[in-house]
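Letter by letter, the chains look like this.
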Amino acid sequence: MLALEMFRSLPRHVAGKAVGARMPGVLSGYAAPLRLVTIDQPHVAKPGWARLRSRLSGICGSDLGALSGRSSLYFSGLVSMPLVPGHEVVAELLDDCEDLSAGSRVVVDPILRCQARGVASCESCRAGATNRCDRVTVGHLSPGLQTGFCADTGGGWGEILVAHRSQLHVVPDTFSDEQAILVEPLACAVHTALRAQVGANDKVLVSGAGSVGLLTTFALRELTDGGEITVVAKHPRQRELARAFGATDVVAPDHVLRGVRRATGAFQVEPDYSRPFLLGGVDVAVDAVGSRESLETALHATRAGGRVVLSGMPVPADLSAAWFRELEVVGSYGSAEREPGAGGRGAFDIALDLMDSSAVQDVAASVASYPLHRWREALDHAHSAGRLGTVKVAFDPRRSA
Ligand SMILES: [Zn+2]
């Protein structure tokens, strides 16, 4: 089968780190440790596993982080190489899989939890917090925190992958593939909105208006009774979509503190040799990017005792405000099979219920898809998605042109 394969390359990791953020074209063209290959189909001969034919598979910020060397080497212990990326997947079952018959169209919850690995459930999995699984490096699979980061399972950027029944959610026939590809990122946004523990009328800042920021804004609006939601957006289409998804105010990155000051009456401090910050600010901020700038924006605009949720995969940043302002810094990774903040419902089920929104359907209508062999163009497009007015770029491995 045809697949895009990522291979381990420390020189390319370092090269990617050096040029990736500034020169994305150079990165996807020359330095990215990715190649189009013909390889054997993945195979896991264990109960509950089945083959899937990928129909559409999204490119996520964490994929770009891994390919550009921006992600921390911390994660190198949680993946196995070579791997086929692609953890946002809508696919068709090629085999019967327990109660699901071949031909069913499904979306994949990528987390390779205890159940998928054939080991006794860890404490987190037993509680339904599958995203916190402690066993992602053991069992009958190679290490890999998710589908798309594990050498044995394949991923959505290849024609065929394998997945465990515990990962599969059937997609209603009424959804297009382009809608279905948004279910996984929306499930993560649902998890983030619940992790944010927004109180009634709390003021919220969402730093970033890519797919994570927009879907998180939407989930916050739908699932919490927070008050004003201010979204930081760079590009005109992002500003429009942020409002459609429930933002009360949209500000440019250079004007965040001014916007939050206006909304909260906070005071601004201007250090001589460092970025300005607020005393006072929003109750909850979500970093939906993971860049240093975005994370520091969230930290600097949150009131003392407030909460900052890390939704994008973070890079090192100045944590002074977390200490001085006694902020609660809360991680949000993937989504849970049973969400404590939602009475034990699964994030995927909640996301599937929210898919009918017209704002989500507008975004689905703008999903840009590429055949595998045009991966350089696809990655360039994903790097520049915000500027180009695209929310989600995806591969369609069935397409040849
Ligand atoms: Zn587990």
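Residues numbered from 1 in each chain as written. Predicted model: local features only at pLDDT ≥ 70, side-chain atom pairs only at ≥ 80, totals over all residues. Heavy atoms only, no water.

Colleague: I would appreciate a short explanation of the sheet that holds strand 13 (residues 282–287) in the present structure.
Modeller: Where strands meet in a sheet, backbone hydrogen bonds hold them as pairs that are either parallel or antiparallel. Ordered by their spatial adjacency, six strands build an open sheet running 10-9-8-13-14-15, and the pairing between neighbours is parallel. The outermost strands of the open sheet, each flanked by one partner alone, are strand 10 (249–251) and strand 15 (328–331). Each adjacent strand pair in this sheet contributes to an overall mean axis angle of 20°, direction not counted. Of the strand pairs in this sheet, strand 8 (residues 204–207) and strand 9 (residues 229–232) are connected by four bridges, and their pairing is parallel. Following the sheet pairing, Leu205 is matched in strand 9 by Thr230. (Pairing = 2+ DSSP bridges. Helix = DSSP H or I, 4+ residues; strand = E, 2+ residues; numbered from the N terminus. Axes fitted to C-alpha atoms, helices over the stretch in contact; angles between N-to-C directions.)

Colleague: Looking at this structure, I do not really get the coordination of the zinc ion. What am I missing?
Modeller: The expected angle between donors at a tetrahedral four-coordinate metal is 109.5 degrees. At an octahedral six-coordinate metal it is 90 or 180 degrees. Donor atoms from the polypeptide that coordinate the zinc ion comprise Cys114 (SG), Cys122 (SG), Cys125 (SG) and Cys133 (SG), at 2.3 to 2.4 Å from the metal. Classification of the site at the zinc ion rests on its four donor atoms, whose angles at the metal span 103 to 118°, yielding the label tetrahedral. Positions of the donor residues of the zinc ion, expressed as sequence spacing, correspond to C-x7-C-x2-C-x7-C. With a gap of eleven residues between them, Cys122 in the loop between helix 4 (114–117) and helix 5 (123–126) and Cys133 in the loop between helix 5 and strand 6 (160–164) connect regions that are remote in the sequence. The same class applies to Cys122 as to Cys133, namely buried. (Donors = N, O, S within 2.8 Å, 3.2 Å for Na, K, Ca; no water. Tetrahedral: all angles 85-135°; square planar, octahedral: opposite > 155°, others 65-115°. Buried < 20%, exposed > 50% of the residue type's maximum accessible area, 1.4 Å probe, protein only.)

Colleague: Can you walk me through helix 9 (residues 236–244) in this structure?
Modeller: Residues lying three or four places apart along an α-helix face the same way, a consequence of the helix completing one turn every 3.6 residues. For helix 9, every residue scored as buried is listed here: Gln238, Leu241 and Ala242. Each buried residue of helix 9 lies within a common arc of 105° when the element is viewed along its axis, so the set occupies one face. Looking at helix 9, the residues exposed on the side facing more than 90 degrees away from the buried face are Pro236 and Ala244. Summarising the contacts, the buried residues of helix 9 are in contact with helix 8 (211–223), strand 9, strand 10, helix 14 (358–365) and helix 16 (385–388). (Arc of directions from axis to C-beta. Contact = heavy atoms within 4.5 Å.)

Colleague: What is the right way to look at unusual backbone geometry in this model?
Modeller: Glycine aside, residues mostly have negative phi angles, and peptide bonds mostly take the trans form. Cis peptide bonds are those with omega within 30 degrees of zero, and the linkage from Met81 to Pro82 qualifies with -5°. Its location among the elements puts Pro82 in the loop between helix 3 (61–68) and strand 4 (88–93). Unlike most non-glycine residues, Gln197 shows phi in positive territory, near 45°. Among the secondary structure elements, Gln197 is positioned in the loop between helix 7 (183–195) and strand 8. Unusually for a residue other than glycine, Asn201 sits at a positive phi of about 65°. Position of Asn201 relative to the elements: it lies in the loop between helix 7 and strand 8. You can call Asn201 exposed: its relative accessible area is 62%.

Colleague: Would you take a moment to explain the layout of surface pockets for this structure?
Modeller: Vacant regions in the atomic arrangement are exposed by a probe of water-molecule size rolled over the atoms. Space inside the second largest pocket adds up to approximately 240 Å³. In terms of lining, the second largest pocket is formed by 16 residues, of which the most central are Arg132, His191, Arg195, Pro340 and Gly341. Among the elements that take part in the lining of the second largest pocket, helix 7 stands out by supplying three residues, more than any other. (1 Å grid on protein atoms, 1.4 Å probe; cavity = no way out; pocket = protein on both sides within 12 Å on 5 of 7 lines; lining within 4 Å. Points joined across faces, edges and corners; volume = space filled by probe spheres on them.)

Colleague: Before we go on, may I ask you to explain the pattern of salt bridges in this structure?
Modeller: Overall, the coordinates contain 20 salt bridges when judged by the stated rule. The salt bridge partner of Arg275 is Glu296, with a shortest N-O separation of 3.3 Å. Taken together, the residues span a long stretch of sequence, with Arg275 in the loop between strand 11 (267–269) and strand 12 (277–279) and Glu296 in helix 11 (residues 292–300) at a distance of 21 residues. Salt-bridge contacts for Arg398 lead to Asp396; the nearest nitrogen and oxygen are separated by 3.1 Å. In this structure Asp396 comes out as buried when scored by relative accessible area, which is 8%. (Salt bridge = Lys/Arg side-chain N within 4 Å of Asp/Glu carboxyl O.)

Colleague: So what exactly am I meant to see when it comes to the packing of helix 7 against helix 8 here?
Modeller: Each pair of packed helices can be described by the angle between their axes along with the distance between the axes. Orientation of helix 7 relative to helix 8, taken along the N-to-C sense of each, is 55°, at an axis distance of 8 Å. In terms of their interaxial angle, helix 7 and helix 8 are classed as oblique. The two elements helix 7 and helix 8 cross, and the hand of that crossing is right-handed. Of the residues in helix 8, those in contact with Pro185, Leu186, Ala189, Val190, Thr192 and Ala193 of helix 7 are Leu215, Thr216, Phe218, Ala219, Leu220 and Leu223. Grouping the constituent residues of the contact of helix 7 with helix 8 by class yields ten nonpolar, two polar and no charged. (Parallel < 35°, antiparallel > 145°, perpendicular 65-115°, else oblique. Left-handed = near helix turned anticlockwise from the far one by under 90°. Nonpolar A, V, L, I, M, F, W, Y, C, P; charged D, E, K, R; others polar.)

Colleague: In this structure, what is going on with helix 3? I would like to understand it.
Modeller: Judged by how many residues are buried, helix 3 sits mostly within the fold: seven of eight residues are covered. The complete set of buried residues in helix 3 reads Ser62, Asp63, Leu64, Gly65, Ala66, Leu67 and Ser68. At the exit of helix 3 stands Gly69, carrying a positive phi of roughly 75°.

Colleague: How do you make sense of the packing of aromatic side chains when you look at a structure like this?
Modeller: The geometry of an aromatic ring pair is captured by two quantities: the separation of the ring centres and the angle between the planes. What the rule picks out here adds up to three aromatic pairs. Residues Tyr74 and Phe75 carry aromatic rings whose centres are separated by 5.2 Å and whose planes lie at 80° to one another, so their mutual orientation is edge-to-face. Between the aromatic rings of Trp157 and Phe395, the centroid separation amounts to 4.9 Å while the plane-to-plane angle is 65°, which identifies the pairing as edge-to-face. One end of the pair, Trp157, is in the loop between helix 5 and strand 6; the other, Phe395, is in strand 17 (residues 393–395), with 238 residues separating them in the sequence. For Trp157, a relative accessible area of 0% gives the class buried. (Phe/Tyr/Trp six-rings, centres within 6.5 Å; stacked < 30°, edge-to-face > 60°.)

Colleague: Any chance you could explain the nonpolar core here in plain terms?
Modeller: Nonpolar side chains in soluble globular proteins tend to end up buried together. In terms of nonpolar packing, the biggest core is built from 51 residues, with Leu186, Leu220 and Phe245 touching the most fellow members. Elements with a contribution of two residues or more to this core: helix 7, strand 8, helix 8, strand 9, helix 9, strand 13, helix 13 (347–354) and helix 14. Every residue in contact with Leu186, bar those within four places of it in the chain, is listed here: Leu215, Phe218, Ala351, Leu354 and Met355. In this structure, Leu34, Ala66, Trp157 and Phe395 belong to the second largest nonpolar core, which totals 31 residues. (Core = buried A, V, L, I, M, F, W, Y, C linked by side-chain atoms within 4.5 Å.)

Everything listed is a geometric property; what it means functionally is a separate question.
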